[in-house]
Amino acid sequence: HVVHDEPDDLFMLREDFMAGIGQLAGYDLVYELLLFPRHLPAARRLVERFPDQRFVLDHIGKPPIRERLPEPWATDIRQLAGLPNVFCKVSGMVTEADWEAWKVEDLTPYLDVVFEAFGTRRCMVGSDWPVCTVAAPYDRVMAVVMDYLGRFSRAEQEMVLEGNARRIYGL
């Protein structure tokens, strides 16, 4: 469900929505959280209600990169990451940045927060293709994350690039 399109910021906490989420673990399905930063506190409350359900935060929670305002997004990300059943898809950053003028340095602080909060065992790479191409060619988008991953061991890189997705989605 594209939660960020719902007019009610607490949509995820509706009883009918939570009843649906409550069914997923029985089928061994993952729920992806596609939302804006203002939804992160509600997402944390949702995740707390379903400790046996795996959740993946899409697009690192769509932080306001263009505005260079890491807070309250960073605090909310750290709180959400404190719940062990939430994972983070590292994607969608360039579409939250200035499409015409973004630089790697604009994205790095947000990557730092996500990897510090979730660690390499709960992050996975995503491309956001073809949407990402409104802000950059696919190879440039992927190069940002690939270059960032260079600071980690080969084993950690493999977890982020493949292993975590296999484990989380049961592939």
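Keep in mind that this is a model prediction, so the values were computed, not measured. (Residues numbered from 1 in each chain as written. Predicted model: local features only at pLDDT ≥ 70, side-chain atom pairs only at ≥ 80, totals over all residues. Heavy atoms only, no water.)

### Let's talk about the pattern of salt bridges
- Taken as a whole and assessed by the stated rule, the structure comprises 13 salt bridges.
- Taking the shortest distance from any N to any O, the salt bridge between R78 and E116 comes out at 3.3 Å. In this pair, R78 is assigned in helix α3 (residues 73–81) and E116 in helix α4 (residues 104–118), connecting sequence segments 38 residues apart.
- For E116, a relative accessible area of 54% corresponds to the exposed category.
- In this structure, the salt-bridge partner of E162 is R166, at a minimum N-O distance of 2.7 Å. Of this pair, E162 and R166 are both found in helix α6 (residues 154–169), four residues apart, which corresponds to roughly one turn of the helix.
- Since its relative accessible area comes to 43%, E162 is described here as partly exposed.
- Taking the relative accessible area as the measure of exposure, R166 reaches 42% and is therefore partly exposed.
- The structure contains a network of salt bridges with shared partners spanning E32, D58 and K89. (Salt bridge = Lys/Arg side-chain N within 4 Å of Asp/Glu carboxyl O. Helix = DSSP H or I, 4+ residues; strand = E, 2+ residues; numbered from the N terminus. Buried < 20%, exposed > 50% of the residue type's maximum accessible area, 1.4 Å probe, protein only.)

### Observations concerning the packing of α3 against α4
- Two elements in contact, α3 and α4, have axes separated by 9 Å at closest approach and are oriented at 20°. Overall, the two elements α3 and α4 adopt an arrangement that is roughly parallel. Relative to α4, the crossing made by α3 is right-handed. Contacts between α3 and α4 involve W73, A74, I77, R78 and A81 on the former and, on the latter, Y110, V113, V114, E116, A117 and F118. (Axes fitted to C-alpha atoms, helices over the stretch in contact; angles between N-to-C directions. Parallel < 35°, antiparallel > 145°, perpendicular 65-115°, else oblique. Left-handed = near helix turned anticlockwise from the far one by under 90°. Contact = heavy atoms within 4.5 Å.)

### Some remarks on unusual backbone geometry
- At the junction of E71 and P72, the peptide bond is cis and its omega measures out at 5° in the coordinates.
- In this fold, P72 is placed in the loop between β2 (55–57) and α3.
- Cis rather than trans, the peptide bond between W129 and P130 has omega equal to 5°.
- Take P130: it is sitting in the loop between β4 (123–125) and α5 (138–149).
- Positive phi, normally seen in glycine, also occurs at D28, with a value near 60°.
- Secondary-structure assignment places D28 in the loop between α1 (15–24) and β1 (31–33).
- Taking the relative accessible area as the measure of exposure, D28 reaches 51% and is therefore exposed.
- The backbone of H59 shows a phi angle near 55°, a positive value even though the residue is not glycine.
- Considering the arrangement of structural elements, one finds H59 in the loop between β2 and α3.

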